[in-house]
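# Remarks on the overall topology
What follows is each chain in one-letter form.
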Amino acid sequence: MKQRSTGWLAAPAVAYLTVLFIGPAATVLAYSLCQRDVYGGVRPALSWDAWQMAIDNVTLRIVGRTLLLAATVTLASLIVAYPCAATLARLPRRQRALLVLSISFPLVTSLLLRTYGWMNLLPLGWRGTLPGVGLVLTCNYLPFMLLPLVKAFERADQTLVQAAMDLGATPLVAFWRVTLPITLPAAASGAALVFIPVSGEYLIPHFIGDGKVNVIGTLVMEWFGHRHWPYAAACATWLAAIILLPMIGSLIWKSRAETLSDSAR
Amino acid sequence: MVLDDINLSVARGEIVVIVGPSGCGKSTLLKIVSGIETADRGQVLLSGRDCTALPAYRRPVHTVFQNYALFPHLDVTANVAFPLNVAGVPRAAGERLVHEALGWVKLQAHARRRVDSLSGGERQRVALARALVDSPHCVLLDEPLSALDPHLRAETLELLQGIQKRLETTFLFITHDREEALRLGHRIGVLNGGRLEQVGPPQEMYEAPRTAFVASFLGKINWIVGECVHSGGSRVFVVEGQSVPGTSSNGIAAGKVQLGIRPEDVLIDTDGWLAAQVIARRFLGNCVVLELQLASGAVIISDCREPLPDALPGQHVRIRWAADAAHLFPANGTIST
């Protein structure tokens, strides 16, 4: 029997992505290459002005700060979440489910509410500082790191560690050769889940940063407000490039690694 | 207390099978030997060396786990090479040993496969190769066949026996399956409620069980309640109002006793001691299984080698057994069948 093609099932997704993602993204890119209109909006004339602004020192410093902030938040949540996930995975099933639920619970409350909460919790000295913003971002995005790690630690269960020790591995070697390699892919996907949204985050830097912490997200918002759409669009493109390039790189690397291991078989 | 008063020694190159119902402490015993768990009291000696205080990774024993516990991120070769790698065996020597071990379990063709692409039986063999690759003093096998289907189980059992014979590795094997135990063990130990009830060669265990539990665990058995009467220096056993012969009654006290008679030892004979009525008959090809009801209402099973065309349901027959076929125990112990 001939197998029927199921490719058409992807049509809605493709249409959706074209209309609602690629279209707007192309528009943003096009705006960044247009001239500024005095009353907001753009004039349809090619101009490099916005990009010249977008690669000046001020903008690049903000881009750098954003990257540093996102990387620090990712690292911090990894450091907090890794041992936490290891402990959680050892708990009895019921307790673990309850704790994982309570960890993900903040995700169902409004981000705005949580951020206002943090504004009250944070000592005054921390408001408007980069570390303060980093702390709130870390707490906010921790579940995205924790949940994949808990799953991975469940896979790297205690019997595997016992087996490793039974076969002669000291606890440290067992961790190095068994637990770490099994949990590493989850740490990587957790890192992506934290890094990508944090580098585009607007709300938390805005409220916790008190207007004193400039990242790309706040920059884009600000310049759309200041009616320099081409510059704001150029900054948004920066952001997209920062997020997309590592992702594309990792995809290529992954598919190459897979073909390698396939051909080794 | 999970285990109590365990005294077991396993000779070099021997297969000792510990068998018992689930929850009897088998796994705990194995974990104490491997070092994953520690006993509150007592000693573990391996090749004469006291290993009680040694952590698992310093003991020269490896375990084949029930769920195999293969490392999912490593391929077959890397799994088998694991104990060599952590011990720092040079690469070339290690590769040779791994190749050899994969040969024992007939897995050379799958050397580079991912373990999650293997079938249950193949995973089992990877686990076995991994436990044998660096020739440990003793290999502990924790119900290694229980997850396999019956056909594969018999095949793997033979493979195990073949490898063990060739390498002369010491095996401590635990299972809840009495047939596995009888087939594989040079000696069997029956564990019940944390106590080793008896240790010995399979045939001796089957033919001369020391406790009612051992008797009923190692094979089907009929229990008949009776009485032991001391009359004039000799002992007489009375069941169903009849006195019957009984040996192996070493030191059994007067009073209620239970006689265990295996189905294959129940003989239909016109000169039999007890009257019984056939209530069901099943023909199984190599034997006829009869369900017999005694006068007291007790039902016993008989596996007859002869066709016995007359023993039809409703018929009255008489039964007996060879004098040494009755296993006698005091009746105060719990009878489990």
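Residues numbered from 1 in each chain as written. Chains lettered and ligands numbered in written order. Predicted model: local features only at pLDDT ≥ 70, side-chain atom pairs only at ≥ 80, totals over all residues. Heavy atoms only, no water.

The subject of this paragraph is the domain arrangement of chain B. Residues and elements named next belong to chain B. In terms of domain boundaries, chain B breaks down into domain 1 (15-212) and domain 2 (213-330). Each of domain 1 and domain 2 was reduced to a C-alpha centroid, and the two centroids are 39 Å apart. For the pair domain 1 and domain 2, the summed buried surface comes to about 1,400 Å²; carbon and sulfur atoms form 67% of the total. By the criterion of area lost to domain 2, the three top residues of domain 1 are Arg 178, Tyr 206 and Ala 212, representing 49% of everything that side buries. Scanning the region where domain 1 abuts domain 2 turns up 0 salt bridges. (Domains from an automatic or database assignment. Buried area = accessible area lost by both parts, 1.4 Å probe. Salt bridge = Lys/Arg side-chain N within 4 Å of Asp/Glu carboxyl O.)

This paragraph deals with the pairing of strand E16 (residues 299-304) of chain B. Bridge analysis of strand E15 (residues 288-294) of chain B against E16(B) gives 6 bridges, and the strand direction is antiparallel. Along E16(B), the bridge assignment pairs B:Leu290 with B:Ser302. (Pairing = 2+ DSSP bridges. Helix = DSSP H or I, 4+ residues; strand = E, 2+ residues; numbered from the N terminus.)

Residue and element names in this part refer to chain B. Strand order in the open sheet formed by 6 strands is E4-E5-E6-E1-E7-E8, with mixed pairing between adjacent strands. Two strands in the sheet have a free side with no partner beyond their single neighbour: strand E4 (61-64) and strand E8 (195-200). The mean inter-strand angle of the sheet, taken between neighbouring strand axes irrespective of direction, is 20°. As paired strands, E4 and strand E5 (residues 138-142) are joined by 4 bridges and run parallel to one another. From the neighbouring strand, Val 61 faces E5, where its bridge partner is Cys 138. (Axes fitted to C-alpha atoms, helices over the stretch in contact; angles between N-to-C directions.)

Further remarks concern the pairing of strand E7 (residues 187-192) of chain B. Residues and elements named next belong to chain B. Where strand E1 (residues 15-19) meets E7, 4 bridges bridge the pair, whose relative direction is parallel. Looking at E7, one finds that Val 17 is bridged to Ile 188. Pairing geometry for E7 and E8, over 5 bridges, is antiparallel. The partner of Gly 189 across the bridge, within E8, is Val 199. Between E7 and E8, which pair antiparallel in sequence order, lie 2 residues; one of them, Gly 193, sits at a positive phi of approximately 55°.

All names here are of chain B. Read across the sheet, 5 strands follow the order E13-E17-E14-E15-E16 without closing on themselves; strand pairing throughout is antiparallel. Edge positions in the open sheet fall to strand E13 (267-268) and E16, since each of these has one partner strand only. Alignment of E13 against strand E17 (residues 316-320), held across 2 bridges, turns out to be antiparallel. In the strand pairing of E17, Leu 267 is matched with Arg 320.

Now for the pattern of salt bridges. Applying the stated rule across the entire model yields 13 salt bridges over all chains. Here B:Glu95 and B:Arg91 are joined by a salt bridge, their closest N and O atoms 3.6 Å apart. Linking B:Glu95 with B:Arg91, this pair stays in helix H3 (residues 91-104), spanning 4 residues, or about one helical turn. A network of salt bridges, in which partner residues are shared, links A:Arg96, A:Lys151 and A:Glu154.

Time to look at the nonpolar core. Note on soluble globular proteins: their nonpolar side chains tend to be buried together. Of all hydrophobic cores here, the largest spans 45 residues; its most connected members are B:Val80, B:Leu128, B:Leu141 and B:Val190. In terms of residue count, the dominant contributor to this core is helix H4 (residues 120-132) of chain B (6 residues). Shared between two domains, this core takes at least three residues from each, and those domains are domain 1 (15-212) and domain 2 (213-330) of chain B. Beyond its immediate stretch of four places on either side in the chain, B:Val80 contacts B:Val98, B:Ala101, B:Leu102, B:Val126, B:Ala129, B:Arg130 and B:Val133. Ranked by size, the runner-up nonpolar core spans 32 residues in total, among them A:Ala81, A:Leu122, A:Ile204 and A:Phe207. (Core = buried A, V, L, I, M, F, W, Y, C linked by side-chain atoms within 4.5 Å. Buried < 20%, exposed > 50% of the residue type's maximum accessible area, 1.4 Å probe, protein only. Contact = heavy atoms within 4.5 Å.)

What follows concerns the packing of aromatic side chains. Residues and elements named next belong to chain A. Applying the stated criterion to the full structure yields 11 aromatic pairs over all chains. Plain terms: the ring middles of Tyr 141 and Phe 144 are 5.8 Å apart, the flat faces sit at 35° to each other, and that makes the pair tilted. With a gap of 3 residues between them, Tyr 141 and Phe 144 both fall in helix H6 (residues 130-155), about one helical turn apart. Judged by relative accessible area, which is 31%, Phe 144 ranks as partly exposed. (Phe/Tyr/Trp six-rings, centres within 6.5 Å; stacked < 30°, edge-to-face > 60°.)

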